[in-house]
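A structural walkthrough
Single-letter residue listing:
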Amino acid sequence: MRDQAKARRERTRHLIELGGLVSKAGLVDLTDDDRATMLGAFLDIAGLLQGDSDTTPADLKTRWRRRGLNRFRAERQDDEGNGL
């Protein structure tokens, strides 16, 4: 039972973190919190990663990762500059 509870807590934390990324990207505001629109966008992303694009999935992931890392870095610098 303890292992199941631990696994459930870890899964819950993971899902909360993913939700935070959706919010951090501004998707909640940009879509007026329309979950069908967000799901459609995620399905498009999944399609791109499955090869439905002229760009390779590896190139897409590299580009997206670089952009995400830059955003995290900028936010960290903003936090440090504000004394947080």
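Scroll up to find the structure.
Below, the structure is looked at part by part. This is a predicted model, so every value here is computed, not measured. Numbering of residues starts from 1 in every chain and runs along the sequence as written. Given that the model is predicted, a residue must reach a pLDDT of at least 70 before its local features are reported, and side-chain atom pairs must reach 80 or more before they are shown or counted; all residues, however, enter totals for whole chains, interfaces and linings. Excluding hydrogens and water, the side-chain values take into account all heavy atoms of the structure.

1. Details of unusual backbone geometry
Phi at Asp32 takes a positive value of approximately 55 degrees, unusual for a residue other than glycine. Burial classes: relative accessible area under 20% of the type maximum marks a residue as buried, over 50% as exposed, and values in between as partly exposed (1.4 Å probe, protein chains only). Since its relative accessible area comes to 67%, Asp32 is described here as exposed. For Asp33, which is not a glycine, the phi torsion comes out positive at approximately 55 degrees. With respect to the helices and strands, the residue Asp33 is situated in the loop between helix 2 (27-30) and helix 3 (35-49). The way it works is that DSSP assigns letters per residue, a run of H or I at least four long becomes a helix, a run of E at least two long becomes a strand, and they are numbered from the N terminus.

2. Overview of the pattern of salt bridges
Any carboxyl oxygen of Asp or Glu that lies within 4 Å of a side-chain nitrogen of Lys or Arg is treated as forming a salt bridge with it. Enumeration according to the criterion identifies three salt bridges in this entry. Close ionic contact of Arg13 with Glu17 constitutes a salt bridge, the shortest N to O distance being 3.1 Å. With Arg13 and Glu17 both in helix 1 (residues 2-24) and four residues apart, the pair spans about one turn of that helix. Of the residues examined, Arg13 reaches a relative accessible area of 58% and is grouped as exposed. Between Arg35 and Asp33 there is a salt bridge; the shortest N-O distance is 3.5 Å. Since its relative accessible area comes to 62%, Arg35 is described here as exposed.

3. Topic: the side chain of Thr31
Structurally, Thr31 can be placed in the loop between helix 2 and helix 3. In this structure Thr31 comes out as buried when scored by relative accessible area, which is 14%. Under this definition, polar contacts are N or O atom pairs within 3.5 Å; protein pairs additionally need one hydrogen-donor-capable and one acceptor-capable atom, and for neighbouring residues in sequence, both atoms have to be side-chain atoms. Side-chain polar atoms of Thr31 contact the backbone oxygen of Leu27, separated by 2.6 Å. The contact definition used throughout considers only heavy atoms, calling two residues in contact when any of these lie within 4.5 Å. Leaving out residues up to four positions away in the same chain, Thr31 has contacts with Thr37 and Met38.

4. Quick word on helix 3
A helix is expected to span 1.5 Å for every residue after the first. Under the 1.5 Å per step criterion, the end-to-end length of helix 3 is 21 Å for 15 residues, consistent within 8% with the ideal 21 Å. Two or three places before Ala36, at the opening of helix 3, Asp34 has a side-chain oxygen 3.0 Å from that residue's backbone nitrogen. Just downstream of helix 3 lies Gly51, where phi reads positive at about 100 degrees.

5. Some details on a nonpolar patch on the surface
Patch building starts from residues that exceed 30% relative accessible area and form no salt bridge, then joins like charges within 9 Å and nonpolar side chains (Val, Leu, Ile, Met, Phe, Trp, Tyr) within 5 Å. Note on areas: Shrake-Rupley, 1.4 Å probe, and residue coverage restricted to the protein chains presented here. A cluster of nonpolar residues, Leu39, Phe42, Leu43, Ile45, Leu49 and Trp64, forms a patch on the protein surface that exposes about 510 Å² of accessible area. Per element, the largest residue contribution to the nonpolar patch is five residues, and it comes from helix 3. Mapped onto the fold, Leu49 is located in helix 3.

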